[in-house]
There are 2 protein chains.
Amino acid sequence: MGETPDTSTDAPNSQNREIVCYCPLGGVMDILSRRYAMQVICVVGAIGPARYSEIEDAFGGVSSSTLSTRLDELVEAGYLSREQYAEIPPRVEYDLTASGEQLCQRLDPILEWAEEQEAGRVPGEDGT
Amino acid sequence: MGETPDTSTDAPNSQNREIVCYCPLGGVMDILSRRYAMQVICVVGAIGPARYSEIEDAFGGVSSSTLSTRLDELVEAGYLSREQYAEIPPRVEYDLTASGEQLCQRLDPILEWAEEQEAGRVPGEDGT
DNA sequence: CAGAATCCATTCGGATACTG
DNA sequence: CAGTATCCGAATGGATTCTG
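Reading guide: rules and limits
- Numbers given to residues run from 1 along each chain, matching the order in which its sequence is written.
- Here every chain gets a letter starting at A, and every ligand a number starting at 1, in the order they are written.
- Per-residue local features are limited, in this predicted model, to residues with pLDDT of at least 70; the limit for side-chain atom pairs, both in listing and counting, is 80 or more; totals at the level of whole chains, interfaces and linings are taken over all residues.
- As a rule here, side-chain values cover all heavy atoms of the structure and leave hydrogens and water aside.
- The disulfide criterion used throughout: a pair of cysteine sulfur atoms within 2.5 Å.
- Partly exposed residues are those whose accessible area sits between 20% and 50% of the maximum for their type, while under 20% is buried and over 50% is exposed, using a 1.4 Å probe and protein chains only.
- When DSSP finds two or more bridges between two strands, those strands count as paired.
- Strands here are runs of E lasting at least two residues and helices are runs of H or I lasting at least four, both read from the DSSP assignment and numbered beginning at the N terminus.
- When checking whether two residues touch, look at their non-hydrogen atoms; a contact exists if any pair is within 4.5 Å.
- Note on geometry: axes are lines fitted to C-alpha atoms, helical ones only across the stretch in contact, with angles between N-to-C directions running from 0 to 180 degrees.
- For classification, angles of less than 35 degrees are called roughly parallel, those exceeding 145 degrees roughly antiparallel, those between 65 and 115 degrees roughly perpendicular, and all remaining angles oblique.
- Residue classes follow a fixed rule: Ala, Val, Leu, Ile, Met, Phe, Trp, Tyr, Cys and Pro count as nonpolar, while Asp, Glu, Lys and Arg count as charged, and any other residue, Gly among them, counts as polar.
- A single heavy atom is enough: if one lies within 4 Å of a molecule or strand, its residue is considered near that molecule or strand.
- Throughout this description, a polar contact denotes any pair of N or O atoms lying within 3.5 Å of each other; where both atoms belong to protein, one of them has to be capable of donating a hydrogen while the other can accept it, and for residues adjacent in sequence the pair is counted only when both atoms sit in side chains.

Overview of the state of the cysteines
Residues and elements named next belong to chain A.
- Scanning all chains against the criterion turns up 0 disulfides over all chains.
- With no disulfide of its own, Cys-104 lies 4.5 Å from the sulfur of Cys-42, the closest cysteine sulfur.
- Cys-104 gets classed as buried once you look at its relative accessible area, which sits at 5%.

As for the sheet that holds strand β1 (residues 50-51) of chain B
All names here are of chain B.
- Pairing is antiparallel in the open sheet, where 3 strands are placed in the order β1-β3-β2. Strand pairing shows two members of the sheet lacking a second neighbour, β1 and β2 (80-85), which therefore form its edges.
- Pairing between β2 and strand β3 (residues 91-96): 6 bridges, direction antiparallel. By the bridge assignment for β3, Arg-82 is matched with Tyr-94.
- Lying over the sheet, helix α4 (residues 64-76) contacts β2 and β3, oriented at roughly 110° with respect to β2.

Regarding the packing of helix α2 (residues 37-46) of chain B against helix α5 (residues 98-119) of chain B
Residues and elements named next belong to chain B.
- Where α2 meets α5, the closest approach of the two axes is 9 Å, and the angle between their N-to-C directions is 105°. Viewed along their axes, α2 and α5 adopt a mutual orientation that is roughly perpendicular. Between α2 and α5, the residues in contact are Met-38, Gln-39, Ile-41, Cys-42 and Gly-45 and Gly-100, Leu-103, Cys-104, Leu-107, Asp-108 and Leu-111, respectively.
- Its residues assigned to classes, the contact of α2 with α5 comprises 7 nonpolar, 3 polar and 1 charged.

Describing the packing of α2(B) against α4(B)
Residues and elements named next belong to chain B.
- Contact pair α2 / α4: the axes reach a minimum separation of 10 Å and the direction vectors enclose 75°. Taken together, the axis directions place α2 and α4 in an arrangement best described as roughly perpendicular. Counting all contacts with α2, which are made through Ala-37, Val-40 and Ile-41, the residues of α4 involved are Leu-67, Arg-70, Leu-71 and Leu-74.

Some thoughts on the protein's contact with DNA strand D
- The immediate surroundings of DNA strand D are formed by 22 residues, with A:Arg34, A:Thr66, A:Arg70, B:Ser68 and B:Arg82 found nearest.
- Sugar and phosphate atoms represent 80% of those atoms of DNA strand D found within 4 Å of the protein.
- Side-chain polar atom of A:Arg35 to a phosphate oxygen of DNA strand D: 2.7 Å apart, as the coordinates give it.
- Contact distances for DNA strand D include 3.2 Å between a base oxygen and a side-chain N or O atom of B:Ser64.
- Of all the elements in the fold, those that place two or more residues in the surface near DNA strand D are α4 (64-76) of chain A together with α3 (52-58), α4 and β3 of chain B.
- Broken down by class, the residue content of the surface near DNA strand D amounts to 7 nonpolar, 8 polar and 7 charged.

So, unusual backbone geometry
Residue and element names in this part refer to chain A.
- In this model, Ile-88 is joined to Pro-89 through a cis peptide bond whose omega is 0°.
- Along the polypeptide, Pro-89 turns up in the loop between β2 (80-85) and β3 (91-96).
- Of note in the backbone geometry, Tyr-36 takes a positive phi value of approximately 75° without being a glycine.
- Mapped onto the elements, Tyr-36 comes out in the loop between α1 (26-32) and α2 (37-46).

Focus: the sheet that holds strand β1 (residues 50-51) of chain A
Residues and elements named next belong to chain A.
- On the basis of which strands lie adjacent, the open sheet formed by 3 strands has the order β1-β3-β2 and antiparallel pairing. The open sheet is flanked by β1 and β2, the only strands paired with a single partner.
- Pairing of β1 with β3 involves 2 bridges; the strand directions are antiparallel. Residue Ala-50 lies in a different strand from β3, and its bridge partner there is Tyr-94.

Points about the protein's contact with DNA strand C
- Close to DNA strand C lie 20 residues, the nearest being A:Ser53, A:Arg82, B:Arg34, B:Arg35 and B:Arg70.
- Counting only atoms of DNA strand C within 4 Å of the protein, the fraction found in sugar and phosphate groups is 80%.
- With respect to DNA strand C, the side chain of A:Ser53 contributes an N or O atom lying 2.7 Å from a phosphate oxygen.
- Between B:Ser65 and DNA strand C, the recorded distance is 3.2 Å, taken from a side-chain N or O atom to a base nitrogen.
- Secondary-structure elements contributing two or more residues to the surface near DNA strand C are α3 (52-58), α4 and β3 of chain A together with α4 of chain B.

Rendered as structure tokens:
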């Protein structure tokens, strides 16, 4: 996305420190940086094949449009699969793809850690 | 942020599946979901105490305002420390706090994985 | 049930210019 | 060098309404 090509970014004073290039991390991180994206992955990873309403319930009060958008994005990105059953009432099940599972494995530690942080936090401590 | 308090979110039909509550994941995940946030953590984790310009260089073309905001947020959230030296020219060094280091450890696998994904991706493949 | 569509307030992030 | 200040377009996410 509009990144300047790093053809001249080789700093002459590059120490032999293992400096990795974080520039091209567009795609994946972009998707993960959307609201609830990481949580959705982990929720689906946690409750197996998950129906829309199950995922919805896992969050407090996400609007259906937001959740729907997120799910679409994750499906299109190849991290979630969407199985639709032609039943009455309709049923749709989301699940992790192979890619999504790899992602989930790496995401889970963060989510768990995040929960710990939230748990041990005194409410009304930050100035804002 | 505006989440409905989950004082009554205990679904009565809770199967004995290990269902974790992902509702209160506000704070931490919120911060991480901002642009470059995760990358910044990992960049600082990678290049040790990092100066502003070093961090800036690690990305393609972030605007200083955006990066500055991100750094502030991460400092205030307690994941980065900011050491300012009263020199001419001024020098500021960011580093991971203990908390930030824990986060970085969990973030790194994702970033690395993300890079792999980007690497093995054929450009111009997705419909969009 | 599982969304799609629409509308809208808010926020975000980039560009630019300026400062200690 | 390391930002801050300001402005503004774009994108995001929520509420609401409607549908197969």
